[in-house]
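# Results of the structural survey
The residues making up each chain are set out below.
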Amino acid sequence: MAKNKKQNKKELADMEENFPQWYTDVISKTEMVDYSPVKGFMVIRPYGYAIWENIQKEFDKRFKATGHQNMYFPLLIPKSMLEKEAEHVEGFAPEVAWVTKGGDKELNEPLAVRPTSETIICSMYAKWLHSYRQLPFLYNQWCSVVRWEKTTRPFLRTSEFLWQEGHTLHETAEEAQAETMQMLNIYREVAEEVLAIPMLTGRKSDKEKFAGADATYTIEALMHDGQALQSGTSHNLGQHFTKAFEIQYLDRNNEQSYPYHTSWGVSSRLIGGLIMVHGDENGLVLPPKIAPVQIVIIPVAQHKEGVLDKAYELKKILEQNYRVELDDSDNSPGWKFNQWEMKGVPIRLEIGPRDIENGQAVLARRDTSEKITVALDEVGTQAGDLLDAIQKNLFEKALKMREEKTSSAENMDEFQEKLAENPGFIKAMWCGDRACEDQIKEQTGASLRAVPFDEEQEIIGDGTCVCCGKPAEKVAWFARAY
RNA sequence: CGAGGUGUAGCGCAGUCUGGUAGCGCACAUGGUUUGGGACCAUGGGGCCGAAGGUUCGAAUCCUUUCACCUCGACCA
């Protein structure tokens, strides 16, 4: 019996020893996803999809508040259209899935399953835009895209993934840049304030930027195992696509002009980040603002008179303000505790005969496993305070973890040493040369994640490039990445 | 695409070396006793042993081919 107990407890792999296995265990045991019959494609189950819906809501309301509207473009893109912007096609060609037949008839022109929608959207923008009076174009779409990946992992890299892609046109380069930054800031805000994940923000190197962009900006998070996760990108596309697609309009001077273009996206990959930043040895830990269930009520000795009635009464009160679930299945309380902990529910409310007698209930928080006893008429307010505290604590914990896993290096030996003994971000001066970036990647496995913005810039050591030793102006953050 | 590994009940596995009635744990179903950190007893259902071919009186087990998945590397949100 004791042996069985032990085996049951071992449901999740040890996260320090085998993090990938822990991750796989968590997402499948919590019923977030399952593998589908098609390689690399996953099924998102209700618990996982509920998280995605909450993420969508948070972003969508901010997109709308900044003047964007949603629209929807087709799944398929003609081959010739995808090929109009040279860098773009070169970047995406290796991972495009093609439709070549309709029924049993060969198509005249193969159709790409969209890997991203710049091209088809631009082709339509070219038809719609005539005058500067119509600008800016501020549109977004929620959809899925397909990229034929060689190795896949649920949420982090799958052949199809859910995302949103914003595509905007502007009169001036300045406006496009402002839009690019505005959206990056929204990404950061949602990531930090809602998902409780601290983000490094900055610019991508030319090597890492989007195929066809002038500049790519990124939010980068650090996972529990010290690997970075690119969590969202905002691109200033300049006039690459608008020229390639001949999007022209009559400007204020009555002359034909090309608008400036941006695109930006976050994906269901964020869910992977959520899991790998906050999760612990007991499974998921979800920030209250995103958790599908914020409070789970677990009746104890529910067969006893009055217990379930009281539990339902509490549910009715709590669900006016919170997302609440009552587990009245006939599993044992202990089993339920573990089950809902694994699912990451922020607060558990225990109510049993003893509590009812004393006019109280027990609240247990997922992040610290503290338990407090509260009077029944204060459960609502106390739970609210707790949820706020948990939200805050998760962010602070994640920030502390990132700080502990961030080092700086002045030369390559130090770089390798520090990355080996404390995997995470390495801050190092970088001269800006592609050759140095390549060499760092090759020697250490770490890629350049971002060059932080000026206000977060600093000088490491004597200010020379960590790789070639030549004078360098900027510090860059490196890490191994998902 | 390189290097390793694994396919046996829904899940996790044993059995394969040495061929001979397909098993264990969990989960599931029914009944009962339980319930404040993964309860217990009893009974029961569930299998083309990844697929195809071969050797053999007989194949989960031996041989050949093939497919799928996983882990680690190179490419990518």
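Each value, and the rule that gives it
Sequence positions are assigned chain by chain, starting from 1 and proceeding in written order. Chains carry letters and ligands carry numbers; both start at the beginning, A for chains and 1 for ligands, and go up in the order they are written. Reporting of local features is limited, given that this is a predicted model, to residues whose pLDDT is at least 70; pairs of side-chain atoms are given and counted only at 80 or more, and all residues count toward the totals for whole chains, interfaces and linings. Each side-chain value is derived from all of the structure's non-hydrogen atoms; neither hydrogens nor water enter the calculation. Working definition: a ring pair exists when centres of Phe, Tyr or Trp rings (six-membered ring for Trp) sit within 6.5 Å. Plane angles under 30 degrees give stacked, over 60 give edge-to-face, the rest tilted. The buried label applies to any residue whose accessible area, calculated with a 1.4 Å probe on protein chains only, is under 20% of its type's maximum; exposed applies above 50%, and partly exposed to all values in between. Boundaries between domains were set according to an automatic or database domain assignment. By definition in these notes, contact holds between two residues if any of their heavy atoms fall within 4.5 Å. Here the buried area means the combined drop in accessible surface, using a 1.4 Å probe, for two parts upon being joined, counting both sides. A side-chain nitrogen of Lys or Arg and a carboxyl oxygen of Asp or Glu constitute a salt bridge if their distance falls within 4 Å. Here a polar contact is taken to be a pair of N or O atoms separated by no more than 3.5 Å, where protein atoms must pair a possible hydrogen donor with a possible acceptor and residues adjacent in sequence count only if both atoms sit in side chains. The nonpolar class holds Ala, Val, Leu, Ile, Met, Phe, Trp, Tyr, Cys and Pro. Asp, Glu, Lys and Arg form the charged class, and all remaining residues, Gly among them, are polar. Note on pairing: two strands pair once DSSP finds at least 2 bridges between them. Elements are defined by DSSP. Helices are runs of H or I of four residues or more, strands are runs of E of two residues or more, and each kind is numbered from the N terminus. Helix axes use the C-alpha atoms of the stretch in contact, all axes being lines fitted to C-alpha atoms, and the angles between their N-to-C directions lie in the range 0 to 180 degrees. Any angle that falls under 35 degrees is termed roughly parallel, while one over 145 is termed roughly antiparallel, one within 65 to 115 roughly perpendicular, and all others oblique. Here a crossing is taken to be left-handed if its near helix is turned anticlockwise relative to the far helix by less than a right angle, and right-handed if that turn runs clockwise.

### Focus: the packing of aromatic side chains
As enumerated under the stated definition, the model contains 17 aromatic pairs in all. Here Phe 161 and Trp 163 contribute two aromatic rings whose centre-to-centre distance is 5.7 Å and whose plane-to-plane angle is 90°, an arrangement assigned as edge-to-face. No difference in accessibility class separates Phe 161 from Trp 163, as the two residues are buried. Ring geometry for Phe 425 and Trp 477: centres 5.1 Å apart, planes at 70°, overall edge-to-face.

### Quick notes on the domain arrangement of chain A
Partitioning chain A into structural domains gives domain 1 (19-278), domain 2 (295-389) and domain 3 (405-479). Averaged C-alpha coordinates put domain 1 and domain 2 at centres separated by 40 Å. Taken together, the 5 residues of domain 1 in the interface contact 5 residues of domain 2. Interface area lost by domain 1 to domain 2 is led by Lys 29, Thr 30 and Tyr 47, which between them contribute 76%. At the junction of domain 1 with domain 2, the criterion picks out 0 salt bridges. There are 1 residue pair in polar contact (both at pLDDT 80 or more) connecting domain 1 and domain 2. Considering only residue class, the side of domain 1 that touches domain 2 consists of 1 nonpolar, 2 polar and 2 charged.

### Section: the sheet that holds strand 6 (residues 105-113)
Reading across from one edge, 4-6-5 is the order of the 3 strands in this open sheet, with antiparallel pairing throughout. With partners counted over all chains shown, the strands left at the sheet margins are strand 4 (76-78) and strand 5 (97-102), one partner each. The mean inter-strand angle of the sheet, taken between neighbouring strand axes irrespective of direction, is 45°. By the bridge criterion, 3 bridges tie strand 4 to strand 6 in an arrangement that is antiparallel. Looking across to strand 6, one finds that Leu 76 is bridged to Val 113.

### Comments concerning the pattern of salt bridges
Across all of its chains, the model carries 25 salt bridges by this definition. Asp 438 serves as the salt-bridge partner of Lys 207, at 2.8 Å between the closest nitrogen and oxygen. One end of the pair, Lys 207, is in the loop between strand 9 (200-203) and strand 10 (215-222); the other, Asp 438, is in helix 15 (residues 434-444), and 231 residues separate them in sequence. Asp 438 gets classed as partly exposed once you look at its relative accessible area, which sits at 28%. A single salt-bridge network, built from bridges that share partners, covers Glu 58, Lys 61, Arg 62 and Glu 189.

### With respect to the packing of helix 14 (residues 412-421) against helix 15
Across the interface, helix 14 lies against helix 15 with an axial gap of 11 Å and an inter-helix angle of 45°. In terms of orientation, helix 14 and helix 15 fall into the oblique class. Two packed elements cross with a definite hand, and for helix 14 against helix 15 that hand is right-handed. In this structure, helix 14 uses Met 412, Phe 415, Gln 416 and Leu 419 to contact helix 15, whose residues at the interface are Ile 440, Gln 443 and Thr 444. Its residues placed into classes, the contact of helix 14 with helix 15 shows 4 nonpolar, 3 polar and no charged.

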